[in-house]
Amino acid sequence: MGQIMETLTQKPPAVRNRKGWSLQKGETLSGLLFVSPMLIGVTILVLIPIIATLVLGFADWNFVQGFDGIRWVGLQNFSNLLQDDMFIRSVRNNFIFLLTVPVYLLVSMVLAILIDRYVYMKGYFKIAYFVPYVSMTVAVAIVWQVLFQPSYGPINEMLKAIGIADPPKWIADPHFALISIMMISVWISIGFNMIIYIAGLQSIPKDLYEAAEIDGANAWTKFRRITFPLLSPTTFFLLVTGIIATFKVFDVIAVLTQGGPIGSTTMMVWYLYDTAFVNLKVGYASAIAVVLFLFVMLITFGQWLAEKKWVNY
């Protein structure tokens, strides 16, 4: 009798499926409403500008003329880039600037190991090294501008005190300007990378070091066999983000050198800005942006292929 009543009160499969589909549809709609502000923002601020940049890379346009001034030139902008000495110099400077990444990664790793294992008052040193990273880049650049001042700057005064009669003019010298910007970038980046490395070090099991000590391993062996391999995922993350960051260097150059002297510190992003907003060549600047995007994508893709050979998860 109970089974008969249960059968009579049970809803048909079609009704259950329709109700379940309606519930699922309502949940999907609610989810879309929750994420819609982010989706709208990403679409307007990211996707549409990317598509517009790709399209305008094939046009000659001065935005002061309005949309009626767009003139399609095909691949002419990209062809002109190959003959543009300033663009080629900016690409070369960008690739030279990549050398800052392994330098500050190495320094950050060494400092992280020293602070994590051999230094008291760890919190103080973490803050001290991290302050340059969170400080305003404009303020940092002005401080270094004073330090690099050729006539009375503290750096040159110190060099004169140790016997160097004619110290470099740093950011005023075409031969030292890019090196000066690289030094500032290394100084700014050390703190962030050091904090990430310390977090990676603290995630390594202590049992591995204890077992290595029992086997008679010295400090170098423990670093080479334990610390460095287990920090490889952290190093890979910092390497990828660091290389991408070198292609976005702008604010330090804008404050200190404006791409000079004689183009010695011109980077791709600065040249893009100068082309688009000073010379008003939006189509040509869009072509530069496309090339910049391709460089970053190819380098990142190459890193992802190479990480399988040296990253240990």
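Note that the structure is predicted; figures quoted are calculated from it, not measured. (Residues numbered from 1 in each chain as written. Predicted model: local features only at pLDDT ≥ 70, side-chain atom pairs only at ≥ 80, totals over all residues. Heavy atoms only, no water.)

### Focus: the overall build of the protein
What the protein contains, in helices and strands, is 15 helices and two strands. On C-alpha atoms alone, the protein measures out to a radius of gyration of 28 Å, which is more than a quarter above the 20 Å that the 2.2 N^0.38 rule sets for 313 residues. Summarising its shape, the C-alpha atoms of the protein cover approximately 110 × 75 × 35 Å along the three principal directions. Residue burial in the protein is summarised as follows: out of 313 residues, 35% are buried. Within the protein, residue pairs in contact and separated by at least 24 positions form 66% of the contacts whose partners lie at least 6 positions apart. Summed over its atoms, the accessible surface of the protein is roughly 19300 Å², and 70% of this surface lies on carbon and sulfur atoms. Of the charged side chains in the protein, 21 are positive and 17 negative; the average position of the first set lies 8 Å away from that of the second. (Helix = DSSP H or I, 4+ residues; strand = E, 2+ residues; numbered from the N terminus. Rg over C-alpha atoms; globule rule 2.2 N^0.38 Å. Buried < 20%, exposed > 50% of the residue type's maximum accessible area, 1.4 Å probe, protein only. Contact = heavy atoms within 4.5 Å. Areas by Shrake-Rupley, 256 points an atom, 1.4 Å probe, with all protein chains shown as cover. Lys, Arg positive; Asp, Glu negative; His and termini not counted. Charge placed at Lys NZ, Arg CZ, Asp CG, Glu CD.)

### Examining the packing of aromatic side chains
According to the stated counting rule, one finds 16 aromatic pairs in the structure shown. Centre to centre, the rings of F250 and Y273 are 5.2 Å apart; their planes meet at 70 degrees, and the pair counts as edge-to-face. Taken together, the residues F250 in the loop between α12 (232–246) and α13 (251–256) and Y273 in helix α14 (residues 268–278) connect sequence positions 23 residues apart. Accessibility expressed as a relative area gives 32% for Y273, which makes it partly exposed. Look at Y273 and F277: their rings are 5.7 Å apart centre to centre, the planes differ by 40 degrees, and that puts the pair in the tilted class. On the criterion of helical spacing, the pair formed by Y273 and F277 is a turn pair, its members being four residues apart in helix α14. (Phe/Tyr/Trp six-rings, centres within 6.5 Å; stacked < 30°, edge-to-face > 60°.)

### Here we look at the side chain of K222
Note that K222 resides in helix α11 (residues 219–230). Dropping the residues within four chain positions of it, K222 is found in contact with Y209, A212, E213, A217 and T227.

### With respect to the nonpolar core
Core analysis: the biggest nonpolar cluster contains 37 residues, and L81, F87, Y197, F247 and M268 have the highest contact counts within it. Listed by contribution, the elements that provide at least two residues to this core are α3 (76–81), α4 (85–97), α5 (100–118), α9 (177–202), α10 (206–214), α12, α14 and α15 (282–310). Examining the composition of this core, we find that eight residues originate from one element, α5, more than from any other. Apart from residues no more than four positions distant in its own chain, M268 is found in contact with F87, S90, V91, N94, F247, I288, V291, L292 and F295. (Core = buried A, V, L, I, M, F, W, Y, C linked by side-chain atoms within 4.5 Å.)

### Details of the confidence of the model for the protein
Within the protein, residue pLDDT values average 85, and 92% of them lie at 70 or more. Per-element mean pLDDT across the protein ranges from 49 in helix α1 (residues 2–9) up to 93 in α4. (pLDDT = per-residue confidence, 0-100.)

### Some words on the UniProt feature "transmembrane region" (unreviewed entry) in the protein
In the UniProt entry, the feature "transmembrane region" (unreviewed entry) is given for residues 32–59, 95–115, 127–148, 176–199, 228–247, 253–273 and 285–306. As annotated, residues 228–247 comprises 90% helix and 0% strand, and the C-alpha atoms at either end are separated by 27 Å. Along residues 253–273, the helical share is 48% and the strand share 0%, with 12 Å between the first and last C-alpha atoms. (UniProt positions renumbered as here; feature names shortened; annotations may be inferred.)

### Notes on the packing of α5 against α9
Running from amino to carboxyl end, α5 crosses α9 at an angle of 45 degrees, the nearest separation of the two axes being 7 Å. As the angle between them shows, α5 and α9 are arranged oblique. As for how α5 packs across α9, the hand of that crossing is right-handed. When its residues are assigned to classes, the contact of α5 with α9 shows 16 nonpolar, six polar and two charged. (Axes fitted to C-alpha atoms, helices over the stretch in contact; angles between N-to-C directions. Parallel < 35°, antiparallel > 145°, perpendicular 65-115°, else oblique. Left-handed = near helix turned anticlockwise from the far one by under 90°. Nonpolar A, V, L, I, M, F, W, Y, C, P; charged D, E, K, R; others polar.)

### Remarks on helix α7 (residues 137–147)
For α7, the set of buried residues is V140, A141 and W144. All buried residues of α7 project into a common sector of 100 degrees when viewed along the axis, lining one side. (Arc of directions from axis to C-beta.)

### Comments concerning the environment of F58
Of note, F58 is situated in the loop between α2 (13–56) and β1 (59–60). Residue class for F58 comes out partly exposed when judged on its relative accessible area of 34%. The spacing of F58 and L75 is 17 residues in sequence and 5.9 Å in space, taken between C-alpha atoms. Ignoring anything within four residues of it in the chain, the contact list for F58 reads W72, V73, G74, L75, N77 and F78.

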